[in-house]
Amino acid sequence: MISRTKNPKIGFKTVLSYGAGDVFGGGAFAIAGLWLIFFYTNIAGLTPVEATSIVAIGRFVDAFFDPLMGYITDNFYKTKLGRRFGRRGFFFLLGMPLSLTYALMWTVGFGGYWYYLLTYVMFGFVFSLITVPYETLPAEMTRDFNTRSKLTTVRLLFSQGATFLASWLPGVLIQIYGDDSPTSFLLMGVCFSIIYAIIMFCLYKFTWEQPVVVSEQEQSSFRSDMRYLFKELISTFRVKTFRLHVLMYTGAFLAQDIFGATFAFFITFAIGQDAVLASKLLSTMAVVQIIFVPIFAWFCIKFGNGAAYKIALTAVIGGILGFVAIYYFVVAQVLLMLYLVSILMGIGRSGTFYVPWNIYSFVADVDQMLTGKRREGIFAGVMTFTRKFVQSVAILLVGAFLESFGFISKQTVQSSSAVNGIIIVFGIGTIVFVLLGLLISTKFKLTRANHKILLNEITRLQEGGSMDTVDSHTKEVVEELTGWKYEQNWGNNQVVPAREKTV
């Protein structure tokens, strides 16, 4: 086993193990996003408000646990378990048995609303327990732009592969067991639970983290730690690049959340097809997403993250408009058109998943320039907190909106009013968040060239260079990325809150 605090060369096993981690990180809730509300309403018999309230409450609770987990994993080196197994690695070991709880979400007959709420919230805790330390690994293992991009590329390839399985496997099982049988979803949950446990083991064995010097002077109470945590959470938004990144991330992923939550309804009730076709179309998108991950990686390197992000969201808008056009206009060869639009949507979805996570791995470098510290964990926690908090509200509104238009669970045909509600949420709801992301991306300046300048300046200052001798271009780049005057960077500020002294 690789020592968790060494810094060996990133080889095939490490790249493969890290990438496979997003079969869990990207796959678990990709499956839930595509099928869980459909499962709750059409299989378990919950109303749209009940179904979406479970997701909303779960994500809301989960949102508060994410930054706490970020703080815990950043400081876990102070414990005996952290020093023995690693401040990140310990949670991968813990995740091995706990990831098996995923299958509990897909069972029928053990209870109604409260059972599904409990199992969803429970798995949300497990998800944060694993994904927050997982998201820190690129910044932990390397500072090189291209290597981090390679890690992100492989990660997203695995994530898109998981999305393909999430799209394809339910359709196959539905064909075998019938579209009203819960067996297909239960088998899917069991299969993925086992895969997740294996992945956790590989993450522990083949990844590592930066060593942390433990000071005997570091002592604090839980109360003071929690006060410090709250202040540190707020402090992350004082970094300009991170503020923009969070808004871009939120816009892209909320659009995908709404799309995923309503797509099966759109195909079955608006287009008049069945869940098997919805599964095949989602599978087509997933295959295209896998193909375009390395293409978007090239876009990010060649043209910058902001340009790649704009290309992706433009494709998403084209895909949504294409689906809606198929519904409103008499279209020959409907199935062919659905597949063609799905290909366009797959291109957009590939970029909207890849680009924000590629950006994230570089945000900690901007923060280091501003604060002089490495805080990967707290940024991972805040990023997912923001998305889940907003998502919880958005998903709840989706359910309330559908129910207000007369959507009825376990019905093979919906009223024209309910279909109109599906169209509005699916079309307008998705495009609104895409436009938000596009607007913010016009201000994003973390390019490959600027990142290199930033790292060179950090290295120069670490080696004892003076801030008084900075060249004008470097000064301009630093100020643009951090949002602060150059002289206020490198810890010459109060961005990171001071810890309370304990007696």
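Residues numbered from 1 in each chain as written. Predicted model: local features only at pLDDT ≥ 70, side-chain atom pairs only at ≥ 80, totals over all residues. Heavy atoms only, no water.

**Regarding the packing of helix α3 (residues 48-75) against helix α6 (residues 113-135)**
For the pair α3 and α6, interaxial distance at closest approach is 8 Å and the crossing angle is 30 degrees. Compared by their axis directions, α3 and α6 come out roughly parallel. In terms of crossing hand, the pair formed by α3 and α6 is right-handed. Each residue belonging to the contact of α3 with α6 can be placed in one class, and the counts come to 15 nonpolar, six polar and four charged. (Axes fitted to C-alpha atoms, helices over the stretch in contact; angles between N-to-C directions. Helix = DSSP H or I, 4+ residues; strand = E, 2+ residues; numbered from the N terminus. Parallel < 35°, antiparallel > 145°, perpendicular 65-115°, else oblique. Left-handed = near helix turned anticlockwise from the far one by under 90°. Nonpolar A, V, L, I, M, F, W, Y, C, P; charged D, E, K, R; others polar.)

**Re helix α15 (residues 376-404)**
Taking 1.5 Å per residue as the helical rise, α15 with its 29 residues ought to reach 42 Å, and the 42 Å between its terminal C-alpha atoms agrees with that figure. Directly beyond the C-terminal end of α15, a positive phi value near 95 degrees is found at Gly406. (Expected span 1.5 Å × (residues − 1).)

**Here we look at the nonpolar core**
Formed by 159 residues in total, the largest nonpolar core has its most connected members in Trp106, Phe263 and Phe323. Looking at this core, the element that brings in the most residues is helix α11 (residues 240-270), giving 18 residues. Counting contributing residues per domain, this core is built from domain 1 (11-208) and domain 2 (238-446), each supplying no fewer than three. Discounting chain neighbours no more than four positions away, the residues touching Phe263 are Ala278, Leu281, Leu282, Met285, Phe323 and Phe426. (Core = buried A, V, L, I, M, F, W, Y, C linked by side-chain atoms within 4.5 Å. Buried < 20%, exposed > 50% of the residue type's maximum accessible area, 1.4 Å probe, protein only. Domains from an automatic or database assignment. Contact = heavy atoms within 4.5 Å.)

**Focus on unusual backbone geometry**
The residue Trp490 is not glycine, and still its phi comes out positive at about 60 degrees. Structurally, Trp490 is set in the segment after α18 (472-482).

**Thoughts on the domain arrangement of the protein chain**
Once the domains are mapped, the protein chain shows domain 1 (11-208) and domain 2 (238-446). On a C-alpha basis, the centroid separation for the pair domain 1 and domain 2 is 19 Å. In this complex, domain 1 contributes 55 residues to the contact, which on the side of domain 2 involves 50 residues. By the criterion of area lost to domain 2, the three top residues of domain 1 are Arg59, Glu135 and Gln160, representing 13% of everything that side buries. Linking domain 1 with domain 2 are zero salt bridges, by the criterion used here. In this structure, the connection of domain 1 to domain 2 is made through four residue pairs in polar contact (both at pLDDT 80 or more). Only α2 (27-43), α3, α6, α7 (137-141) and α8 (145-177) provide two or more residues apiece to the side of domain 1 that touches domain 2. Looking at the side of domain 1 that touches domain 2, the element that brings in the most residues is α8, giving 19 residues. In terms of residue class, the side of domain 1 that touches domain 2 is built from 27 nonpolar, 20 polar and eight charged. (Buried area = accessible area lost by both parts, 1.4 Å probe. Salt bridge = Lys/Arg side-chain N within 4 Å of Asp/Glu carboxyl O. Polar contact = N/O pair within 3.5 Å; in protein donor to acceptor, adjacent residues only side chain to side chain.)

**Description of empty space enclosed by the protein**
With the rule as written, the count across this model stands at five cavities of 30 Å³ or more. Around the largest cavity, the lining is made up of 36 residues, and of these Phe29, Ala30, Arg59, Asp257 and Arg387 lie nearest the centre. Per element, the largest residue contribution to the lining of the largest cavity is seven residues, and it comes from α2. Of the residues belonging to the lining of the largest cavity, the class tally is 17 nonpolar, 11 polar and eight charged. No fewer than three residues from each of domain 1 (11-208) and domain 2 (238-446) sit in the lining of the largest cavity. The volume enclosed by the second largest cavity comes to roughly 50 Å³. What lines the second largest cavity is Glu135, Thr136, Ala139, Tyr360, Ser361, Val363, Ala364, Glu376 and Phe379. Residue assignment for the lining of the second largest cavity shows that the elements contributing at least two residues are α14 (334-371) and α15. Looking at which element gives the most residues to the lining of the second largest cavity, the answer is α14, with four residues. Split into classes, the residues belonging to the lining of the second largest cavity amount to five nonpolar, two polar and two charged. (1 Å grid on protein atoms, 1.4 Å probe; cavity = no way out; pocket = protein on both sides within 12 Å on 5 of 7 lines; lining within 4 Å. Points joined across faces, edges and corners; volume = space filled by probe spheres on them.)

**Some points on the packing of helix α13 (residues 305-328) against helix α16 (residues 416-441)**
Relative to each other, α13 and α16 sit at 160 degrees, their axes nearing to 10 Å. Classified by the interaxial angle, the pair formed by α13 and α16 is roughly antiparallel. α13 and α16 meet at a crossing whose hand is left-handed. Contact residues: Tyr309, Lys310, Leu313, Val316, Ile317, Ile320, Leu321, Phe323, Val324, Tyr327 and Tyr328 in α13; Val419, Asn420, Ile423, Phe426, Gly427, Thr430, Ile431, Val434, Leu435, Gly437, Leu438 and Ser441 in α16. Looking at side-chain class alone, the contact of α13 with α16 contains 17 nonpolar, five polar and one charged residues.

**Some words on α11**
Between its first and last C-alpha atoms α11 spans 42 Å; for 31 residues at 1.5 Å apiece the expected length is 45 Å, and the two agree. At Thr262, α11 shows its largest kink, close to 45 degrees. A positive backbone phi angle near 85 degrees is found at Gly272, which sits one or two residues after α11. (Bend = angle between axes of the 7 residues up to and from the residue.)

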